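Residue-level listing of the chains:
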Amino acid sequence: MSQKILLLPGDGIGPEVIAEASKLIDVLRLNHGLEVDVTQLDIGGAAYDQSGDPLPEDVLIQARASAGVLLGAVGGPKWDGLERSKRPETALLKLRSALDLYANLRPAILYSELADASTLKTEVVADLDMLIVRELTGGIYFGQPRGIEQREGERVGFNTLVYSESEISRIAHSAFKTAQLRNKRLCSVDKANVLEVSELWREVVEQVALEYPDVELSHMYVDNAAMQLVRNPKQFDVIVTGNMFGDILSDCAAMLTGSIGMLPSASLNLSSQGLYEPVHGSAPDIAGQGKANPLATILSLAMMLRYSLNHADLADKIERAVKQVLKSGLRTPDIAVQGGKSCTTEQMGDAVIQGLD
Ligand code: IPM
Ligand code: MG
């Protein structure tokens, strides 16, 4: 039986990188036994320009009905001046929340062929392979009350950092299960020396840990974690943390690899439905020029095949092809050596298809 997948190219370089993933899906259907129905819709600024709404109802309906959603990127200067509810970023936050995609998996992998791309010393980052599990539908991003109001003659802005036991417990389970599939080490990051919400976080994570005796659990304060990430990132296997700490630490981890154009991500709900996106943004400065690196999107497709479509075999195939293409020396401008030759978005996508065994 065919599973449904939804493609949301979005803005900036989104359409270019999704086009490469879409070509790859066609080849997997034709030659590798993948059975999927593909729908493609606008989201973000592109949808706003069409309909006045960055997240049209049809996108929500199709997303809910799909096993996996592959998103390019949203946003750009053209829409930055809109009121918050119309902004492309709001569409993304709403989509995450509407599908209850609470578990955000952000791997940071440094391919040995690209070790020079990092700003850190090669020996600090060579062969880095870590994963951040970020809670994505709670915490300070969604906590109530929030707002800006008049108090005693001046304006005050406020947000609420709140986590319930059930929210902490379900993300902890996701993180322990993820660690079980890797090197079985989990570091929970919080600010328990200052925040009550972190005190509860730590307590609940400890409780959940009892069900995963094979995983080694440690705790770290977020400021120290930021420092350790640049000092000795290879000490980490899996990190689990709340929404805002995860937002910050995952950018830091991404940059360790020196090539944000390479990093995929997955956001999953309890029924393994997932939204898959490259970690990079819409990069309006290079949009439409064939300069974008499609590998983060292609690797996001691999994650979709692994986590939502039950096709680890095809995910492995794609990941092997990406490694081979890098080994062959093909480079988009973001990962090319200075003064070296670079290829176009399309050439990179074609090479991955060629490299499928
Ligand atoms: C991310 C982004 C988003 C976030 C923005 C675009 C709302 O920074 O996916 O990390 O903060 O979650
Ligand atoms: Mg971010």
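Along each chain, numbering runs from 1 in the same order as the chain's sequence is written. For this description, chains carry letters from A and ligands carry numbers from 1, given in the order in which they are written. The predicted nature of this model means local features are confined to residues of pLDDT at least 70 and side-chain atom pairs, given and counted, to a pLDDT of 80 or more, with totals for whole chains, interfaces and linings taken over all residues. Water and hydrogen atoms play no part in the side-chain values, which are based on all heavy atoms of the structure.

Colleague: How do you make sense of the overall build of the chain when you look at a structure like this?
Modeller: A helix here means a DSSP run of H or I that spans at least four residues, while a strand means a run of E at least two residues long, and both kinds are numbered starting from the N terminus. Scanning the chain from terminus to terminus reveals twelve helices and twelve strands. By the compact-globule yardstick of 21 Å for 357 residues, the chain fits well, its C-alpha radius of gyration being 20 Å. Considering only C-alpha atoms, the chain reaches an extent of 60 × 50 × 45 Å along its principal axes. Sorting the 357 residues of the chain into buried and exposed places 53% on the buried side. Pairs at least 24 apart in sequence give 74% of the contacts found in the chain among residues at least 6 apart. Each accessible area is a Shrake-Rupley result for a 1.4 Å probe, and residues are judged covered by the shown protein chains and nothing else. Total accessible area on the chain stands at roughly 16000 Å², and carbon and sulfur atoms take up 49% of it. Note that His is not counted, nor are the chain ends; the positive residues are Lys and Arg, and the negative ones are Asp and Glu. One atom stands in for each charge, and that atom is NZ of Lys, CZ of Arg, CG of Asp or CD of Glu. Here the chain carries 33 positive and 47 negative side-chain charges, and the mean point of each set is 3 Å from the other. To get the radius of gyration, use the C-alpha atoms; to get the globule rule, take the number of residues to the power 0.38 and multiply by 2.2 Å. The buried label applies to any residue whose accessible area, calculated with a 1.4 Å probe on protein chains only, is under 20% of its type's maximum; exposed applies above 50%, and partly exposed to all values in between. Two residues form a contact once any of their heavy atoms are found within 4.5 Å.

Colleague: It is not clear to me how the nonpolar core should be interpreted in this structure. Could you clarify?
Modeller: Taken as a class, soluble globular proteins show a tendency for nonpolar side chains to be buried jointly. In this description, a nonpolar core means a group of buried Ala, Val, Leu, Ile, Met, Phe, Trp, Tyr and Cys residues linked to one another through side-chain atoms lying within 4.5 Å. Counting 64 residues, the largest nonpolar core has Phe 176, Leu 305 and Ile 318 as its most contacted members. Examining the composition of this core, we find that eight residues originate from one element, helix α10 (residues 295-307), more than from any other. Two domains each provide a minimum of three residues to this core, namely domain 1 (1-102 + 269-357) and domain 2 (105-262). By size, the runner-up hydrophobic cluster in this structure holds 19 residues, among which are Ala 108, Ala 115, Leu 128 and Cys 187. Domain start and stop points were drawn from an automatic or database domain assignment.

Colleague: Looking at this structure, I do not really get the domain arrangement of the chain. What am I missing?
Modeller: Accessible area lost upon the coming together of the parts serves often as the stated size of an interface. When the domains of the chain are assigned, the result is domain 1 (1-102 + 269-357) and domain 2 (105-262). Using C-alpha coordinates to define each centre, domain 1 is positioned 23 Å away from domain 2. Each partner contributes residues to the interface: domain 1 has 20 residues there, and domain 2 has 20 residues. Two parts placed together each lose some accessible area under a 1.4 Å probe, and adding up what both lose gives the buried area. Buried area between domain 1 and domain 2, summed over both chains or domains, comes out near 2000 Å², and the portion from carbon and sulfur atoms is 68%.

Colleague: How do you make sense of the pattern of salt bridges when you look at a structure like this?
Modeller: Oppositely charged side chains can form a pair if their charged atoms are brought close together. Each salt bridge in this description consists of a side-chain nitrogen of Lys or Arg and a carboxyl oxygen of Asp or Glu lying within 4 Å of one another. In the structure shown here, the tally under the stated rule is 16 salt bridges. The partner of Asp 357 in a salt bridge is Lys 317, with the nearest N and O atoms 3.7 Å apart. Taken together, the positions of Asp 357 in the segment after α12 (345-355) and Lys 317 in helix α11 (residues 312-327) put the pair 40 residues apart, joining distant regions of the chain.

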